[in-house]
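Inside the fold
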Amino acid sequence: MFFVYLIFCSLFLFGLVFIITNAFIFNLSNDNFIHRFFKYNFGIGLYTQLTTSWLLFFRKIKPEERDYLERNFPYYIHLTKRKKKEFLFRFSKFIQSKDFIPVNMLYVPDSVKYYISATATQIAFGLDSFVYPTFSRIYVHPKSIDNTGFIFPVEGLTSMGGYVHFSMEAIERGRSIADDGENVVVHETAHMLQMEDFGGDMEENDFLDEQLFRIWLKMAIKKREIIQHGLNELLPEHAAYDLSEMFAVSLENFFERPEIFQQKLPKKYKALCLLLGQNPLNKNNPLMDRRKFYYFAPRRRAT
Ligand SMILES: [Zn+2]
């Protein structure tokens, strides 16, 4: 009898702590707290929530992380105080859930870890999910990456196996030239986003809205033909390689040179704003109100 009582009590306690943990996390990360709370506690996201929020609850943001963002990451620097808080929270969850593994070097510098994590946070900032749970390992190489199965060395590589490779040299190039529409971290993170959602079970992770993604896809198919005919004015030729390349290259341009993107391809710019739930031109608060209504009215917003 005592044991039954004990089991019952521990289950109750566990449940209570779990609910409080989630309440804390969702209250901080999303305005529409009650809706998300129920969806994630009693819906399909239970497993992901258990494995991510539970483990990450106790992590504190380190002062050097905050310093790094405050000095080196323009997207963060421009945010309002409140949005910075939210960004830090998401950044912290991301960095904690990844293993950064050095290849052919002794260690991965903190600045590289911070840059990758901040960029991943930036890209998913307008979305409900932001930890990219499929991807747990991030390999960092000093230079271009050989032996990947491609005939030429590459600068980044994302695999459905749950890992990403980056060349540190390419990361540095992307970081220092911030307005040329080329950034390996944005590129590979875009692949991660896509694989999270459409690589396997569409319902598994709510990163991209299916309806909004279809709208983007329609435009992308047309755009691809235009590029193949050599009539393109913004995106480089390699964007037309396939649709996932198109998505990755579009995101590089969307985040690195939003002004030109909006001027030259206004409809595609808007479609990406809706899909990613943010407009990078509004620097203080790039978020659109999509997250709030995400689960209630995706259809209405898509039209
Ligand atoms: Zn690619």
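The rules behind each value
Residues numbered from 1 in each chain as written. Predicted model: local features only at pLDDT ≥ 70, side-chain atom pairs only at ≥ 80, totals over all residues. Heavy atoms only, no water. Helix = DSSP H or I, 4+ residues; strand = E, 2+ residues; numbered from the N terminus. Buried < 20%, exposed > 50% of the residue type's maximum accessible area, 1.4 Å probe, protein only. Contact = heavy atoms within 4.5 Å. Polar contact = N/O pair within 3.5 Å; in protein donor to acceptor, adjacent residues only side chain to side chain. Salt bridge = Lys/Arg side-chain N within 4 Å of Asp/Glu carboxyl O. Arc of directions from axis to C-beta.

Details of the environment of Ser-117
Here Ser-117 shows up in helix H7 (residues 110–123). Ser-117 sits in the buried class, given a relative accessible area of 0%. When neighbours within four sequence positions are excluded, Ser-117 is seen to be in contact with Phe-91, Phe-94, Ile-95 and Phe-100. Polar side-chain contacts of Ser-117 include one of 2.8 Å to the backbone oxygen of Lys-113.

Section: the pattern of salt bridges
Applying the stated criterion across every chain yields a total of six salt bridges. A salt bridge links Lys-113 to Asp-110, with the nearest nitrogen and oxygen atoms 3.8 Å apart. With Lys-113 and Asp-110 both in helix H7, this residue pair falls three residues apart, about one helical turn. Two residues, Arg-175 and Glu-172, come together in a salt bridge whose shortest N-O distance is 2.9 Å. Of this pair, Arg-175 and Glu-172 both sit in helix H8 (residues 168–176), three residues apart, roughly one helical turn. For Glu-172, a relative accessible area of 38% puts it in the partly exposed group.

Topic: H8
Helical geometry note: an α-helix holds 3.6 residues per turn, so side chains three or four residues apart project in the same direction. All buried positions along H8 are accounted for by Ala-170, Ile-171 and Gly-174. Each buried residue of H8 sits inside an arc of 105° when the element is viewed along its axis, so together they form one side.

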